[in-house]
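# Examination of the molecular architecture
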Amino acid sequence: MKKNCAIGTALLLLSLGASAQSAKLEYGDVKSKTKSNTVRIAPEVGFNLNNLYTRSESYTNSNMLKAGFHAWLLIDVGLGDHFAFQPGVRYIMKGGEITSSYTNAAMEVKSKDKLTLHYSEIPVYLAYKFGRPGNGRFMIGAGPYVALLANAQDKSKVTTTTMDAAEISTVEVGQHTF
C-alpha cells in the first residue's frame, strides 16, 4: 500500500515537472507586469488537531483532540495575472481519541481508544488572486482532491472491574495496524 502511494506521488510530480518545462520557473513574488505563465513551488509543514465524534446513549464517552502533523508541496502555475492552477501533494495525519465507560450492577467497563490515520492527498485547485502581482494578495480557490489511506493504527485499552466484594480488575491492551 505504501509503495502504491509513493509510486503515485512520483508519477504526479514527474507529470507536473514535464508540463512545467515550457513555463518560466521563478521562486518568490512575480515582479514583471507581463502576463507570463510562472511556476512557483510552495512547501508547507504544520501541526493540526483532529477529532472523531461518537455518540451513544448506552454508555458515557468523551471525544478528545489528537495532535497530528502535515507536510504539503504546492505547485502554483500562474495563468495570467489573476488565475492560477494549483496541484499539490500532501501528507496528513488524522485521527482521534475516545474514552468511554459503561456501568451496570455487576461490573464497570472503561475503554480508551486512540485511532491514527495516515493519508496521502492530491489536491487540484483553481485559484483567483485579487490585487496586482508583486504586492500582498488575497486568494480564493476551490477544487477537488483525491485521498489515499496509507496506514491506520488503532491502540486500545479496556479495563473491567467487577462490583462484587472481590473487585477483580482485568486490563486488555491491544494495537492493530491496517
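Further up the page is the structure itself.
Numbers given for residues are sequential positions, taken from 1 along each chain in its written order. For a predicted model such as this one, the threshold for reporting local features is a pLDDT of at least 70, and the threshold for listing and counting side-chain atom pairs is 80 or more; totals across whole chains, interfaces and linings nevertheless cover every residue. Note: side-chain values were computed over all heavy atoms of the structure, leaving out hydrogens and water.

## Looking at the overall build of the protein
Note on conventions: DSSP H or I runs of at least 4 residues are helices, E runs of at least 2 residues are strands, and numbering of each starts at the N terminus. A tally of helices and strands in the protein yields 1 helix and 9 strands. Only protein chains enter the accessibility calculation, which uses a 1.4 Å probe. A residue is then buried if its area is under 20% of the maximum for its type, exposed if over 50%, and partly exposed in between. A buried classification covers 27% of the 178 residues belonging to the protein. For this analysis, residues touch if any pair of their heavy atoms sits within 4.5 Å. Here the contacts in the protein between residues at least 6 apart in sequence split such that 59% fall between residues at least 24 apart. Only the protein chains shown count as cover for residues, and the accessible areas themselves come from Shrake-Rupley with a 1.4 Å probe. With an accessible surface of roughly 11600 Å², the protein has 60% of that area assigned to carbon and sulfur atoms.

## Side note on the side chain of K129
By the element assignment, K129 lies in strand β6 (residues 107-129). The definition of a polar contact used here is a pair of N or O atoms within 3.5 Å, where within protein one atom must be able to donate a hydrogen and the other to accept one, and adjacent residues in sequence count solely through side-chain atom pairs. There is a polar contact of 3.1 Å between the side chain of K129 and the side chain of D76. Those residues in contact with K129 that sit more than four places away from it in its chain are R40, D76, H82, A84, Q86, R137, F138 and M139.

## Side note on the environment of K94
Residue position: K94 is located in strand β5 (residues 83-103). C-alpha separation for the pair K94 and H70, spaced 24 residues apart in sequence, amounts to 9.1 Å. Once you skip the residues sitting within four places of it in the chain, K94 turns out to touch N50, L115, T116, L117, Y119 and E121. Looking at K94, its side chain comes within polar contact range of the side chain of E121, at 3.3 Å.

## Side note on the packing of aromatic side chains
Between rings of Phe, Tyr and Trp, where Trp is taken as its six-membered ring, a pair exists when centres lie within 6.5 Å; planes separated by under 30 degrees are stacked, by over 60 edge-to-face, and by other angles tilted. Considering all chains together, one arrives at 4 aromatic pairs under this definition. With centroids separated by 4.7 Å and ring planes inclined at 80°, the aromatic side chains of Y128 and F130 adopt a geometry described as edge-to-face. Accessibility expressed as a relative area gives 40% for F130, which makes it partly exposed. Put simply, the rings of F83, Y128, F130 and F138 pair up and form one aromatic cluster. Charges are assigned to positions over rings by a cutoff of 6 Å between ring centre and Lys NZ or Arg CZ, combined with an angular limit of 35 degrees from the ring normal. If you follow R90 out to its NZ or CZ, it ends over the ring of W72, 4.2 Å from the centre. A cation over a ring is seen here: K94 above Y119, with NZ or CZ 5.1 Å from the ring centre.

## Things to note about the pairing of strand β4 (residues 66-79)
Criterion used throughout: strands pair if DSSP finds at least two bridges between them. Note: strand β2 (residues 38-50) against β4, 12 bridges, orientation antiparallel. Within β4, the position partnered with N48 by the bridge is G68. Here β4 runs beside β5; their pairing, made up of 8 bridges, is antiparallel. Bridge pairing in β5 places L73 opposite V89.

## Re a nonpolar patch on the surface
The patches described consist of residues with a relative accessible area above 30% and no salt bridge, like charges being joined within 9 Å and nonpolar side chains (Val, Leu, Ile, Met, Phe, Trp, Tyr) within 5 Å. Salt bridges, as used here, are contacts in which a Lys or Arg side-chain nitrogen is within 4 Å of a carboxyl oxygen on Asp or Glu. Together, L79, F83, F85, V124 and L126 make up a nonpolar patch on the protein surface, roughly 410 Å² of accessible area in all. Mapped by element, the contributors of at least two residues to the nonpolar patch are β5 and β6. Here L126 is to be found in strand β6.

## Brief notes about the side chain of T116
Structurally, the position occupied by T116 is in strand β6. With residues near it in sequence (within four places) discarded, T116 still touches K66, M93, K94, N151, A152 and Q153.

## A short note on the pattern of salt bridges
Inspection of the entire model under this criterion finds 6 salt bridges. The salt bridge partner of K114 is E97, with a shortest N-O separation of 4.0 Å. Pair noted here: K114 is in strand β6 and E97 is in strand β5, with a separation of 17 residues, a long-range link. Here K114 falls in the partly exposed class, since its relative accessible area comes to 33%. Overall, the relative accessible area of 12% leaves E97 in the buried class.

The values are spatial; any link to function lies outside them.
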